[in-house]
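A closer look at the structure
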Amino acid sequence: QVQVAESGGGLVQAGGSLRLSCTASGRPGGRYAMGWFRQTPGLERNFLAAITWSGDNTYYADSVKGRFTISRENAENTVYLQMNSLKFEDTAVYYCAVIVYGGSDYFNRNAYDYWGQGTQVTVSS
């Protein structure tokens, strides 16, 4: 079992920045590919960004490329999502997810095995 916990959400004005954090724990020595998704009420949970377990490769949705940056600290199994130039339409619940069992389709939410509870990001216009 892997526990996933996000933090860092909140209220920010349009044009501002936030940094989300996510820590995966529960398996000593475990190293996982991790990703970020977001969801607004009534809509699907959409992929934003992912990073391989080594941190050597990152992947982004077109909607956030150039504004959001994913990074990680492997020693802590912690992943960050730096969000800049936030827009009203970025308002959503943001979820962190972990691939434990070898999935590699990082853009597909079904590849992820464990999820956090989500953190709310609200961008005021």
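The coordinates are above.
These notes cover the structure that comes with them.

About the thresholds
- Each residue is numbered by its place in its chain's sequence as written, counting from 1.
- It should be noted that, the model being predicted, local features are given only for residues of pLDDT at least 70 and side-chain atom pairs only at 80 or more, the latter also being counted only at that level, while totals for whole chains, interfaces and linings use all residues.
- The side-chain numbers reported here are obtained from all heavy atoms of the structure, hydrogens and water having been left aside.
- We treat two strands as partners when DSSP finds at least two bridges between them.
- Think of it this way: any DSSP run of H or I at least four residues long counts as a helix, any run of E at least two long counts as a strand, and we number them from the N terminus.
- Angles run from 0 to 180 degrees between N-to-C directions of axes, and those axes are lines fitted to C-alpha atoms, restricted for helices to the stretch in contact.
- With a 1.4 Å probe rolled over the protein chains alone, any residue whose accessible area is under 20% of its type maximum counts as buried; one over 50% counts as exposed, and the rest are partly exposed.
- Throughout, a disulfide means two cysteine sulfur atoms within 2.5 Å of one another.
- The aromatic pairing rule takes the rings of Phe, Tyr and Trp, using the six-membered ring of Trp, and pairs them if the centres are within 6.5 Å, calling planes under 30 degrees apart stacked, those over 60 edge-to-face and the rest tilted.
- The rule for a charge over a ring is simple: NZ of Lys or CZ of Arg within 6 Å of the ring centre, and within 35 degrees of the ring normal.
- We call two N or O atoms a polar contact when they sit within 3.5 Å, provided that within protein one can donate a hydrogen and the other can accept it, with sequence-adjacent residues counted only if both atoms are side-chain atoms.
- We call two residues in contact whenever any of their non-hydrogen atoms come within 4.5 Å of each other.

**Describing the sheet that holds strand β8 (residues 78-83)**
Read across the sheet, four strands follow the order β1-β3-β8-β7 without closing on themselves; strand pairing throughout is antiparallel. Each edge of the open sheet carries a strand with a single partner, namely β1 (3-7) and β7 (68-73). The average undirected angle you get between the axes of adjacent strands in this sheet is 15°.

**A look at the pairing of β7**
With burial as the criterion, only one face of β7 is covered, namely that bearing Phe68, Ile70 and Arg72; the residues Thr69, Ser71 and Glu73 on the opposite face remain uncovered. Here six bridges tie β7 to β8, and the two strands are oriented antiparallel to one another. Bridge pairing in β8 places Ile70 opposite Leu81. Between β7 and β8, which pair antiparallel and follow one another directly, the connecting turn spans four residues, one of which, Asn77, has a positive phi of 50°.

**A word on the pairing of β8**
For β8, the buried fraction is high: five of the six residues fall into the buried class. Taken together, the six bridges between strand β3 (residues 18-25) and β8 define a ladder with antiparallel strand orientation. Of the residues in β8, the one forming a bridge with Thr23 is Thr78.

**Quick word on the state of the cysteines**
Evaluation of the coordinates by the stated rule reveals one disulfide. Disulfide pairing places Cys22 opposite Cys96 at an S-S distance of 2.0 Å. Residues Cys22 and Cys96 are joined by a disulfide whose S-S torsion is about -80°; by sign, that bridge is left-handed. Of the two residues, Cys22 sits in strand β3 while Cys96 sits in strand β9 (residues 92-99), which places them 74 residues apart along the sequence. Taken as a pair, Cys22 and Cys96 share a single burial class, namely buried.

**Considerations on the packing of aromatic side chains**
Evaluated as defined, the whole model comprises eight aromatic pairs. Considering the side-chain rings of Tyr112 and Trp115, the 6.0 Å spacing of their centres and the 55° angle between planes classify their relative orientation as tilted. Accessibility expressed as a relative area gives 26% for Trp115, which makes it partly exposed. One aromatic cluster is present, built from ring pairs that chain together Phe37, Phe47, Tyr59, Tyr106, Phe107, Tyr112 and Trp115. Looking at Arg45, its charged tip hangs above the ring of Trp115, at a distance of 4.9 Å from the centre.

**Describing the side chain of Glu6**
Residue placement: Glu6 occurs in strand β1. Side-chain polar atoms of Glu6 contact the backbone nitrogen of Gln117, separated by 3.2 Å. In this structure the side chain of Glu6 is engaged in a polar contact, spanning 2.9 Å, whose partner is the backbone nitrogen of Gly118. For Glu6, the contacting residues outside a window of four places in its chain are Ser21, Cys22, Trp36, Tyr94, Tyr95, Cys96, Gly116, Gln117, Gly118 and Thr119.

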